[in-house]
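Residue-level structural notes
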Amino acid sequence: MARTAVVSLLFLLLGQSTFAQEQDIYDYSSPKTYEIGGVTVTGAETRDRNAIKTITGLRAGKNVTIPGDQIPKAIKSLWRLRLFEDVQILQDSIVGDLIFLEILLKERPLYSKHSYKGVKKVHHEDLNDIVKDILTKGSIVTDDRKQLLEIKIKEYFVDKGFLDTEMKIREFPDKERDNAVRLLIDVDKKERVKIDKININGNTAFKDWRLRFKMKETKKKWTVYKRSKFLKEEYKMDKKGLIAFYNKKGYKNAKIVRDSIHRNEDGELVLDIDLYEGNIFHYRNITWKGNSKYSDEQLTNVLGIIKGDVFNAELLEKRLRFSLDGRDISSLYLDDGYLFFDIQPVEVAVENDSIDIEMRIYEGPQATIDKVEIYGNDRTHEHVIRRSIRTLPGKKFSRSDIIRSQRELSNLGYFNPETMDIQPQVNQERGTADIIYNLEEQPSDQLELSAGYGGFSGLIGTLGVTFNNFSIRNAWDRSKWNPVPQGDGQKLSLRAQSNSRFFRSFNGSFTEPWLFGTRPNSLTVGLSYSDFDYSTRGLGNLQITRAFAGLGRQLQWPDDFFSANTTLTLEWIGLDNYDLSQFFVEGSTTPINTGQFKNFSLRQVFTRSSVSEPIYPRRGSRVSLAIQLTPPYSLLGRNNMIELTDDEKADIAAELTRRKGPADPPSDDELSTAYDNEVLKRRFEYLEYHKWRFDAEWYYNIIDKLVLAASAKIGFLGFYNPEIGISPFERFELGGDGLSNQNIGITGKDIISLRGYETTDLSVNDVGGASIFDKFTLELRYPVSLNPSSTIYVHGFVQGGNAWVGAENFNPFELQRSAGGGLRVFLPMFGLLGFDYGWGFDKTENFGQFNIVLGFEPD
């Protein structure tokens, strides 16, 4: 039976055409009403057919008038869904007063996936985000969506300087899915369009090159430090920056009167900028209105701008609102609880080149902190955070407390400083503020697993682990292990080294940063044991056992950036014919190789640290003074200068003869050395000395993330009794990468790195080390990544240092100089890794030196 179209003439005139094998002619003056006998849907394979029938309003048993408006309305309802490319409603058959209808649909294709042509993989992630914003899997592909996708992808490449980008989006059937298409995004970026010239006109106060330099992102070609490309938004910002530069220099009325962009015959851009500079303006009268808390004189002193100063809107804004050094009017009020404070500078008079400013102040009431809420700490217990922050409920609001709290949380090392967000939520009616801390935990534990070849020592393996956010109280509750008990801010460190033959070392320490949980007083205890047993090789034995306990506390005077740490160390050093000894007595070329030595000392360290972001500091300083003292045994009655009796010399000679054998009796020189060793063993049985260290570091954020780091280090080892002299232990060794090997460092000798030089390049190291040293460093640092999972930065440095046996030889200007560069990578699980290449200027050979950094920054 032939199917007949039943669409009204009106609907045909509206542009909705249908097709049938045969068309009947209806009399529009005599419409006829039928009962729908049935409705079938053809073509909508992936759609709910009952839902389609419901949308059309056509169902069995309902009456329909032909011609009439019911069929056109049904077709419009289906078109409005935007799911179909073609919609037809056909008459299938008529039986008496019954009509049977067929809804014939052709679905639009669905998006399944996409691919790229002409696009490097580095762009795929960004482009995928653009595609996801427009098309999701299973969504309908329309011309409008494809056109929008083309526009967005072109914008992406234009923003990267590819102004001539062309692209096409092609559709291909997806063989794996019915009625689905895959899109091929074909991009032809062309060449990046460079800037040939930047012409600046109308400037007389500043040279063209200086103004072009102030345009941070818009650079002409052949600029060494910046790629030439035109980015529309950045160009707008650079024009604003140009005027801001003029305003900073006092040119208050400077403006860009016209700018244009055109392309030369090579297709490159030429920028023309016409400036109006105007005159330099100066401040004349600055008055204050509305202030009752502070006098005009106090506010003027904080502002730091006086009559006759060049007008500088940027400096004025900093001194009013926020200055990194805390010297601004807002900090004065906000640090005293005036959260609702506001200040508006108003120009009340402008005459010739002079400006009168009236500072209109609204002080408002003082605000207090109501609630302090913390989010994002899924590992660290809340009490650890609350004891570190300065914003407490009931306390007066203070902006400096918020800044200091952020610094303290960053220094914990548990949270990502880049995403840390502290938001005050103000309730002006109640005069209160809630402080909301939004934190993101970052890995803080470290694992050390390494092996290295040490020449004579052979292959040495190291296994160590440091838990920086440990919880000893949860150690017995396995349900709170994740994977170890954590969250209380305690530190547990365990480390072992061995080559399985003649060397083994074990050490461990535990730190409780808040002893008794009430004040920031820390307790650190630790043990270490090292054994170098070379007896099977005839080289003797060295054993070192150390125990220590330290108390640290936060000081309130001179300010609360100060801290003090007191450590008691008990150390026993045993040498038994240790022929690898590096412990020399002043004036002697023979090292001490036998004896039992006791090193009992008390070390006091005073530190002031305002450094934030400990992994990559950008500002602040850290200064410390350390004093390490032993009891002055020789001044308290102990006789260390005991001469040998004849019987004691005979016993030494007999023991030496026994060791060598009767056939090879000891010579006079061997006997003399043995006697001297015995005297030295008694002389230094109880080590006595006073040791001083001064260390200072400064960090300055120059621009963006570029940081200048400067440091100075000075050390001095002194004695109480000139007859005893300088201790053979606890000296300084300068040179190399600062990594202590197995024979040095663990005995209390300070290992000081000096990039560009080996330890053998300084002769003082050949006689057991120095009693005085200095070292000075300047570094320029720039981060490659500040991601907490892998912080990476590169640096260049200049450095100088030297070491001397005695203070009488000290010359602070006699430095071993070097320069070079390097890389640092901080991985939370493994600590600090990196390398330096230094060039030593004061060496006679092998000027270049490559140094490795493992686990910590060398001293």
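Residues numbered from 1 in each chain as written. Predicted model: local features only at pLDDT ≥ 70, side-chain atom pairs only at ≥ 80, totals over all residues. Heavy atoms only, no water.

**As for the packing of helix H2 (residues 49-56) against helix H3 (residues 70-80)**
The packing of two helices is summarised by the inter-axis angle and the distance between the axes. One can describe the packing of H2 onto H3 by two numbers: an axis separation of 8 Å at closest approach and a directional angle of 125°. One finds that H2 runs oblique with respect to H3. Contacts from Ile52, Ile55 and Thr56 in H2 reach Ala74, Ser77 and Leu78 in H3. For the contact of H2 with H3, the residue count by class is four nonpolar, two polar and no charged. (Axes fitted to C-alpha atoms, helices over the stretch in contact; angles between N-to-C directions. Helix = DSSP H or I, 4+ residues; strand = E, 2+ residues; numbered from the N terminus. Parallel < 35°, antiparallel > 145°, perpendicular 65-115°, else oblique. Contact = heavy atoms within 4.5 Å. Nonpolar A, V, L, I, M, F, W, Y, C, P; charged D, E, K, R; others polar.)

**Considerations on a positive patch on the surface**
A cluster of like positive charges, contributed by Lys113, Lys137, Lys175, Arg177 and Arg182, occupies part of the molecular surface. Tracing the sequence through the fold places Lys113 in strand E6 (residues 110-117). Taking the relative accessible area as the measure of exposure, Lys113 reaches 37% and is therefore partly exposed. (Patch = residues over 30% accessible without salt bridge, like charges linked within 9 Å, V, L, I, M, F, W, Y side chains within 5 Å. Areas by Shrake-Rupley, 256 points an atom, 1.4 Å probe, with all protein chains shown as cover. Salt bridge = Lys/Arg side-chain N within 4 Å of Asp/Glu carboxyl O. Lys, Arg positive; Asp, Glu negative; His and termini not counted. Charge placed at Lys NZ, Arg CZ, Asp CG, Glu CD. Buried < 20%, exposed > 50% of the residue type's maximum accessible area, 1.4 Å probe, protein only.)

**Some details on the sheet that holds strand E9 (residues 195-201)**
In spatial order, the strands read E9-E11-E10; together these three strands make up an open sheet with mixed pairing. Of all strands in the sheet, those bounded by a partner on one side alone are E9 and strand E10 (255-263). Each strand axis lies, on average, 15° off the axis of its neighbour in the sheet, ignoring direction. Pairing of E9 with strand E11 (residues 269-276) involves six bridges; the strand directions are parallel. Bridging from a neighbouring strand, Ile198 pairs with Leu271 of E11. (Pairing = 2+ DSSP bridges.)

**Digging into unusual backbone geometry**
Keep in mind that most residues, glycine aside, have a negative phi and that most peptide bonds are trans. Note that the residue after Ile66, namely Pro67, is joined by a cis bond; omega there is -10°. Positionally, Pro67 belongs in the loop between strand E3 (63-66) and H3. Note that the residue after Asn482, namely Pro483, is joined by a cis bond; omega there is -5°. Mapped onto the fold, Pro483 is located in the loop between strand E19 (459-470) and strand E20 (490-498). At Asn352, a residue that is not glycine, the phi angle is positive and equals roughly 55°.

**A few points about a nonpolar patch on the surface**
A cluster of nonpolar residues, Tyr700, Ile702, Ile703, Leu708, Leu778, Leu780 and Val798, forms a patch on the protein surface that exposes about 620 Å² of accessible area. Contributions of two or more residues to the nonpolar patch are made by strand E27 (690-703) and strand E31 (772-787). Among the elements that make up the nonpolar patch, the one with the highest residue count is E27 (three residues). Mapped onto the secondary structure, Ile702 falls in strand E27. In this structure Ile702 comes out as partly exposed when scored by relative accessible area, which is 40%.

**A word on the sheet that holds strand E16 (residues 421-427)**
Reading across from one edge, E15-E17-E16 is the order of the three strands in this open sheet, with mixed pairing throughout. With one partner strand each, in any of the chains shown, strand E15 (368-375) and E16 form the two edges of the open sheet. Across the sheet, the mean angle from the axis of one strand to that of its neighbour is 20°, orientation sign disregarded. Looking at chain direction, E15 and strand E17 (residues 432-438) are connected through six bridges and run parallel. Residue pairing for E17: Ile374 is matched across the bridge by Tyr437.

**Structural notes on the packing of helix H4 (residues 124-134) against helix H5 (residues 143-158)**
Running from N to C, H4 and H5 point in directions that differ by 150°, and their axes come no closer than 10 Å. One element, H4, and the other, H5, form an angle in the roughly antiparallel class. Our pair here, H4 against H5, has a crossing hand that is right-handed. Here Asp126, Leu127, Ile130, Val131 and Ile134 of H4 lie close against H5, whose contacting residues are Arg145, Leu148, Leu149, Lys152, Ile153, Tyr156 and Phe157. Here the contact of H4 with H5 is built from residues that sort into nine nonpolar, no polar and three charged. (Left-handed = near helix turned anticlockwise from the far one by under 90°.)

Purely geometric numbers; function is a separate question.
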